[in-house]
Amino acid sequence: MERRFAIPALSLLMLMSALTSNQAQARVFDINDFGAVGDGKTDNSKALSDAWNGACHSEGNSVILIPSGTYLLGPLRLIGPCNGRIAFQIKGSLKAFDSPQLGIDHWITFRYIDGLLITGGGLLDGQGSASWQHNDCQKNKDCQELPVTMRFDFVSNAWIHHVTSLNSKNFHFNLFSCQNITFEQVNITAPGESPNTDGIHMALSTNIFIQDSAIATGDDCISLGPGSENIHITGIACGPGHGISIGSLGGSPNERPVTKVFLRNSNFTGTMNAMRIKTKAPSYQGVVSDITFQDIIVEHVDNPIIIDQQYCPSKKCSPQVSVPFGNMHDILHILEDHLHAIHQTGEQKEKIQGSI
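These notes cover the structure that comes with them. Since the model is a prediction, treat every value here as computed from it, not as a measurement. (Residues numbered from 1 in each chain as written. Predicted model: local features only at pLDDT ≥ 70, side-chain atom pairs only at ≥ 80, totals over all residues. Heavy atoms only, no water.)

1. Overview of the environment of Arg27
Topologically, Arg27 is positioned in strand β1 (residues 27-30). On the basis of relative accessibility, which here comes to 52%, the residue Arg27 falls in the exposed class. Each C-alpha atom, one on Arg27 and one on Ser62, is 4.8 Å from the other, the two residues being 35 residues apart in sequence. Once residues lying within four places of it in the same chain are set aside, the contact partners of Arg27 are Ser58, Asn61, Ser62 and Val63. (Helix = DSSP H or I, 4+ residues; strand = E, 2+ residues; numbered from the N terminus. Buried < 20%, exposed > 50% of the residue type's maximum accessible area, 1.4 Å probe, protein only. Contact = heavy atoms within 4.5 Å.)

2. Examining the state of the cysteines
Following the criterion strictly, the structure yields two disulfides and no others. Between the sulfur of Cys56 and that of Cys82 lies a disulfide, 2.1 Å long from S to S. Across the disulfide from Cys56 to Cys82, rotation about the S-S bond amounts to roughly -100°, and the bridge is consequently left-handed. One end of the pair, Cys56, is in helix α2 (residues 45-56); the other, Cys82, is in the loop between β5 (76-79) and β6 (86-90), with 26 residues separating them in the sequence. Given the relative accessible area of 2%, Cys56 is considered buried. (Disulfide = S-S within 2.5 Å.)

3. Details of unusual backbone geometry
Pro81 follows Gly80 through a cis peptide bond whose omega is 5°. Of note, the phi angle at Asp212 is positive, near 50°, even though the residue is not glycine. Inspection of the secondary structure assignment puts Asp212 in strand β14 (residues 206-216). With a phi close to 60°, Asn254 is a non-glycine residue in the positive phi region. For Asn254, the location among the structural elements is in the loop between β17 (243-249) and β18 (258-269). The class for Asn254 is exposed, based on a relative accessible area of 73%.

4. Quick word on the nonpolar core
Residues Phe110 and Phe152 are the most contacted members of the largest nonpolar core, which totals 70 residues. In this view, Phe110 contacts Trp52, Leu78, Phe88, Leu116, Ile118, Met150, Arg151, Phe152, Asp153 and Val155; residues no more than four positions away in its chain are not counted. Counting five residues, the second-largest nonpolar core is a separate cluster that includes Ala26, Val63, Ala87 and Leu117. (Core = buried A, V, L, I, M, F, W, Y, C linked by side-chain atoms within 4.5 Å.)

5. Considering the packing of aromatic side chains
A complete count under the given rule lists eight aromatic pairs for this structure. The interplanar angle of 65° and the centroid separation of 5.8 Å between the aromatic rings of Trp52 and Phe110 together place this pair among those described as edge-to-face. In this pair, Trp52 is assigned in helix α2 and Phe110 in strand β8 (residues 106-119), connecting sequence segments 58 residues apart. Note on Trp52: relative accessible area 1%, which makes it buried. Of the residues examined, Phe110 reaches a relative accessible area of 0% and is grouped as buried. Geometrically, the ring pair formed by Phe154 and Phe176 is edge-to-face, given 5.6 Å between the ring centres and 90° between the ring planes. Highlighted residues: Phe154 in strand β10 (residues 148-166) and Phe176 in strand β11 (residues 173-176), separated in sequence by 22 residues. Owing to a relative accessible area of 36%, Phe154 belongs among the partly exposed residues under this scheme. One aromatic cluster is present, formed by Trp52, Phe88, Phe110, Phe152, Phe173 and Phe183 through successive ring pairs. (Phe/Tyr/Trp six-rings, centres within 6.5 Å; stacked < 30°, edge-to-face > 60°.)

See the structure below:
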């Protein structure tokens, strides 16, 4: 059966490309003009905040430029709505504080924005090693939040292109209630042993496109929470990490369905799983439907495909089985239809059959 997905608005992508290739068409807000210093030591939070406020309130389209250099930056919220579309051009490096930042859920947050480009070939350095030892929520009920490198809340029509995220303290990118977002040529890197460093996590978001990117983390390369709909993932190199996961689901009543997820032409190397659907045990009832995995290559992967209806990372959960999410036979049928597209050794083939 042919799958069709809405594509990102080409007019937006063409406009954003024009903003970066010909800055004369847009007003440029260079953070150095607002007092920033790229020495890796000076806190540039106010300079970037001032540049954002200027661009956001400026008529027409704007470019916020982070030039060459290393710019230390504290937790910051960049909030709209704005008067025009904004290109956030990272030529140098943005560097988080080398401290745990306990109790703070973000490093950089974009909120209530329509029309955003993040590009430039630069680096987001989360300095995560300062926080990983504090990521102990599975055994510590009093654990505190840790910063996500970049949050997108209520953002629409955005393109994250040609950037690198290194060593996040928590997730690298988090999408909440977003629509029409494209990640392309994004490089996400954290050590395999770093906890909870998911590459891209989303929930309550629609029309999300992730393509031609490399993701190596200590957790899921990509994770889809409740309300993820029309998700198109292609050309991903995942590993190390836990693979691509739908869930965990079922933790709350009346969760929005996860539906229309299409993963193709991707490689998994040295991961715990490749493709996983997981629900908590016990769980509230919900729906997972219309999931397609196609043309996937796995190498040294423990579970190429796994549906886990007793997901319990803390190992202290109730033995009660979770409630099935929709018609699991339909989901299995989709997976089995595409097993021929997975290149695996004989041992991996046995694991595939056992997983489903």
